[in-house]
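# Structural features, examined
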Amino acid sequence: MEKNGEKIVNPAAKGRETSEFLMAIVRTLSTSADFEQREKEKARIEKTFTQSDKRLGELVSENYQDLAQITQDFSTISKSVNEAREKIKKIKDDLSSCKTLLHCKRDELRRLWIEGVEQKTMVAMLDQIEQIKEVPTKLDNLLLKKHYLHGTELVVNAVAKLENQLVGVEALRDLKAELITRKEQLHEVLIDELNKQIYIKSQSPNFSSLQGKKSSTAQKQDNLKRKGVNGIPPPEKMEFGKEVKEDLNSNPEDDPTHFMAILVESLYMLRKIPEAAEGLKVRIQPELSAIVARTSQHILESTSNHVDSSNQSQCLLDLLENIFHQFRFVAHMHKVVLRNLHRIITTGSRREVSGVPVRQECLYDMTDVWSKIQAVVELLLREYLDVENTSSSRQRAPSSFDEPSTDINSFFAKKRPAKPKKMALFRFDASIHAISTNSYVDDSRAFDTGDLFSSSLLAEMGLEKNQMVCKPSVYNITAIFKPLELFIREIEDAIACPDGRSSLQAFVTDFVQNIFLGQVHYTVSTSIGSATKGFDALRHVVDHKIQKELGVIKPLLTSTVTVDKNLQELRELMQDLPDYADQFLNMICNTLKEYRDTCHSAYREIVQYDSDERRVISAMWAKDEDISRFLSFSYEVRSLPSWRSLQSASGQELASEDVCSEEEIKALNSKEAQILISNLTSSDAMIQQEIITDVTQMRTIANVHESLEWFSNRMKDFSNCLSARSATTAADIAASEYPPVSEKTLSSLKNLVKDFQDLAEICLLLLHLEVRVHCFYFLLPVAKQSNYAGPIDDLDPDSNVLKLNKDLSSMEEVLQQSLQPKKFRYIFESLGFLVASILMNSIQYMKKINENGIKKMCRNLFAIQQNLTNITMSREADLDHARQYYELLYINPDDVITMIAEKGGRYTFQEYTELVKLHHRSHAALSPSQLERRMQKLKEVFFKTPNGECDP
């Protein structure tokens, strides 16, 4: 074999080779017959021996010191071996002698050995007694430092010794009784410590206050899942395979998870696991109630016990968020305890306690914990939501809103007259004394919850009357609904509910559906009812302060603002309680429907003037009830440029092709005048009661228009913010201000908004047409009843013209205060053209006229022109045109025909015809043949004139 490149020769093999070599030499010398051969072999051997001797000498010289040392050492060792042999021989002889002597004294030695054993036992027992006497002191020190595992082991071992090795020591009887008592009480200390870790430690040092910044519930939940509560890792990530040990040199509470494992291990060592599980289970609800009481007290202290109406909901929200945060910690700690208990059951199933193994059935589970949490939260909500006081007088929520699109004609249909209601002549509830008294009573009762709460519930919650952070109200649900629903989802994710819904969710759902929705509906209905019912409901307008706050320039009806305020509250409820958005939208639609009917009823009362429900001409436009004709006319009026410019001012921009030229405007104004004249002069009867004579009613109509237009725009903006549930994506829901709603309800809302917009437009159209009907009312008698062939001193304007001017001035005064400038212009613009058309068309009703009558008519036109100029701030050139028309009566008809032939006609053929006829009626000497000749000549000249016009 080789090692490190060198051949290693085994010593035994080397000896065999040497022996074989010597035997070979002997055989060679003995068998060789040749002397020379033997001599050669001898010489070779001698030579080899010489070389070997020489080599040996060299090696001895080289290793002389080592060899000498080895020789010396060998001598020493050999001497020591000989001495040892002699000593061993002597010892054997001595042992033999001792054996002989001991055999002679066996009984005495046995007695001494037994006495020695007894002495050792007594000393050991005294040591144990001394140790047992120190156990109470050591136990107190260990419990003081919360080293419960060592303390438990100490007392268990001490009691075991007292019951076994030291059972007969009478001096230890009192100590034994004390230690047994402390052992029996120690498990209660351990259970109390477990409860303290679970409940008291749940109050984080950085307890949030009203002024502090609070993280969202979702963020708290994420932190809980990611890194545990207060530094405790989630139970699913804790390692339970390791042996539980306790370090006496560290604070056990620094690691809560390990500390709780030590507590459970200590309870197992005391054989008190079932009692511990039961003790933890029965104290869940009282401890949770104590958390509620402590948190409520902290909230009150943080607000210095001054809770006003402005921050009541914030106080309750802060209370619940802190309670939820602590309840999550409690549930988390219970999960840690249960994991340790299951570890004990799993790893200790082979180690029976008192001969009986720990069973799974003796423990509780997380379902019990979450059930108690839900029960405490439900009790808390019952107090703050005032369930006990509202359940006795529940208001049912309105049924689902299902209304098809309506036809505007139905609102003007003939309806049965309502019975007159008995109205109180006066009340004192709005007097200064009543208001001040009610304010004082409300302030004194604002936070007096003494009669509002059930004492049994308060006692069960551990609360006192002065520990409520806010006044109980069903509306408190709006501030807490979202975090409450998030907490409920956490509970439902943590436990498997039998019907998929937790008991707390069932309570919240029942409260919202059976109590809150009904209360909201009742409150809204009462508020709107008080604002819309009554004789002057649609006459009261808001004051300038509210008007400024709303950002409007013209007065709005108090009822409309009240309805909008209530609907704004419902819209906020849709955001606060997104799960019930459809129900609140149904309430909005029902409220809109009722208010729409109220506005239409008020509209009918204004335009109705007798018991037969006949309406004013501006609303009826015929003596029968032909509403379609009215709407047809309304469509014609809406085509006017003034109406289109008004819509453009409201935000609907007009295209460039929709802008009318001056000729088109004149044509449309002429068409309007023709429609009005054909409708209002078709009968010989004068307009009697078919106008609105009370200007305050016109103010009311103007206020209704402004209010409903403002209201419909706000509701339109709201409807545009909503989206149907069927056509909404997750991204749309996240970006939307309101939750998605039912498509059917949304369609109903848009139809109702359209109804309000239509009614607002109808009110404005009514004012536009009513002013024109007033012109007919006052101007038709000017031609039919006045005398224009009177004496020279009858030159003053007609009394009806003066009445018209006064009426127009009155309407200007009320409408200017109630309508925006562009709408005001829409009412009075082109009025001069209509007046001119009425007076020019009225020439056919004049029997005759003289120069004084012509002057009187010109004065009528001039008086109206002055008044309209003051109203519209522009000269009404159309009245100049009418005045020049009547001044043609100064000229002979033949000269007029000649003028038409030379310069062209400025008026229609019909107007020239009526002018010639009036001239013949005014001159009795003229024969019918002359009239016929002039009419024929007028016809020939007019239709041959390039600039002439004909109006067949």
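Throughout what follows, the structure given in this document is the object of discussion. The shown structure was predicted, so the numbers you read here are calculated from the model rather than taken from an experiment. (Residues numbered from 1 in each chain as written. Predicted model: local features only at pLDDT ≥ 70, side-chain atom pairs only at ≥ 80, totals over all residues. Heavy atoms only, no water.)

## Some points on the overall build of the protein chain
In plain terms, the rule: Helix and strand definitions here come from DSSP, where helices need a minimum of 4 consecutive H or I residues and strands a minimum of 2 consecutive E residues; each element is numbered from the N-terminal end. The buried label applies to any residue whose accessible area, calculated with a 1.4 Å probe on protein chains only, is under 20% of its type's maximum; exposed applies above 50%, and partly exposed to all values in between. Note on definitions: a residue-residue contact is assigned when non-hydrogen atoms from the two residues lie within 4.5 Å. All accessible areas in this document rest on Shrake-Rupley with a 1.4 Å probe, and a residue is counted as covered only by the protein chains that are shown.
When helices and strands are tallied, the protein chain shows 35 helices and two strands. When burial is assessed residue by residue, the protein chain has 43% of its 952 residues classed as buried. Taking all contacts inside the protein chain whose residues are at least 6 apart in sequence as the whole, residues at least 24 apart take part in 79%. Counting every atom, the protein chain has about 52,800 Å² of accessible surface; 52% of that belongs to carbon and sulfur.

## Observations regarding the packing of aromatic side chains
We apply this condition: To pair, rings of Phe, Tyr and Trp, with the six-membered ring standing in for Trp, must have centres within 6.5 Å; the planes then decide the type, stacked if under 30 degrees apart, edge-to-face if over 60, and tilted in the middle. Note on geometry: a ring has a charge over it if NZ (lysine) or CZ (arginine) is within 6 Å of the ring centre and within 35 degrees of the ring normal.
Evaluated as defined, the whole model comprises 20 aromatic pairs. Each ring, one from Phe-909 and one from Phe-943, has its centre 5.3 Å from the other, and the planes form 40 degrees; the classification is tilted. Of the two residues, Phe-909 sits in helix H34 (residues 909–922) while Phe-943 sits in helix H35 (residues 928–944), which places them 34 residues apart along the sequence. We classify Phe-943 as partly exposed; its relative accessible area is 44%. Each residue in the set Tyr-885, Tyr-886, Tyr-907, Phe-909, Tyr-912, Phe-942 and Phe-943 is aromatic and connected to the rest through ring pairs, giving one cluster. The cationic tip of Lys-784 hangs over the ring face of Tyr-845; the distance from NZ or CZ to the ring centre is 4.4 Å. The side chain of Lys-856 reaches across the aromatic face of Tyr-788, ending 5.5 Å from its centre.

## A closer look at the nonpolar core
Heads up, the rule is: Throughout, nonpolar core names a set of buried Ala, Val, Leu, Ile, Met, Phe, Trp, Tyr and Cys residues whose side chains join them through atoms within 4.5 Å.
Counting residues in each nonpolar core, the largest one holds 206 residues, and the members touching the most others are Phe-584 and Leu-749. Setting aside its immediate chain neighbours within four residues, Leu-749 contacts Leu-585, Ile-588, Cys-589, Leu-592, Met-715, Phe-718, Ser-719 and Leu-722.

## Looking at empty space enclosed by the protein
Where empty space is left in the structure can be found by rolling a water-sized probe over the atoms. Rules: Both site types are read off a 1 Å grid over the protein atoms alone. A 1.4 Å probe that fits but cannot get out defines a cavity, while an open set with protein on both sides within 12 Å along at least five of seven lines defines a pocket; lining residues have an atom within 4 Å of a point. Grid points are joined across faces, edges and corners, and a volume is the space filled by probe spheres set on the points. Basically, the charged four are Asp, Glu, Lys and Arg, the nonpolar ten are Ala, Val, Leu, Ile, Met, Phe, Trp, Tyr, Cys and Pro, and anything else, Gly included, counts as polar.
On inspection of all chains with the given rule, the structure shows three cavities of 30 Å³ or more. Of the volumes computed, that of the largest cavity is approximately 50 Å³. Lining the largest cavity are Leu-888, Leu-889, Ile-891, Pro-893, Val-896, Leu-915, Val-916 and His-919. Sorting the residues of the lining of the largest cavity by element identifies helix H33 (893–903) and H34 as the ones contributing at least two each. In terms of residue count, H34 provides more of the lining of the largest cavity than any other element does, three residues in total. Across the lining of the largest cavity, the residue classes break down as seven nonpolar, one polar and no charged. The volume enclosed by the second largest cavity comes to roughly 40 Å³. Every residue lining the second largest cavity is listed: Cys-599, Ala-602, Tyr-603, Ile-606, Ile-701, Val-704 and Cys-763.

## Considering the pattern of salt bridges
Side-chain pairing between opposite charges can occur once the charged atoms of the two side chains come close. Put simply, the rule reads: Definition used for salt bridges: Asp or Glu carboxyl oxygen within 4 Å of a side-chain nitrogen of Lys or Arg.
Evaluation of the coordinates by the stated rule reveals 24 salt bridges. Close ionic contact of Asp-758 with Lys-754 constitutes a salt bridge, the shortest N to O distance being 2.8 Å. Taken together, the residues span about one helical turn, with Asp-758 and Lys-754 both in helix H27 (residues 743–784) at a distance of four residues. If you follow the salt bridges from partner to partner, you end up with Lys-593, Arg-596, Asp-597 and Asp-755 in one network.

## Comments concerning a negative patch on the surface
Cut-off, in case you're wondering: In this analysis, a patch consists of residues with relative accessible area above 30% that form no salt bridge, clustered at 9 Å for like charges and at 5 Å for the nonpolar side chains Val, Leu, Ile, Met, Phe, Trp and Tyr. Residues counted as positive are Lys and Arg, residues counted as negative are Asp and Glu, and His and the chain ends are not counted. By convention, charge coordinates are those of NZ in Lys, CZ in Arg, CG in Asp, or CD in Glu.
Together, Asp-34, Glu-36, Glu-39 and Glu-46 make up a negatively charged patch on the protein surface. Examined against the element boundaries, Glu-36 turns out to sit in helix H2 (residues 35–62). Residue classification places Glu-36 among the exposed positions, given a relative accessible area of 53%.

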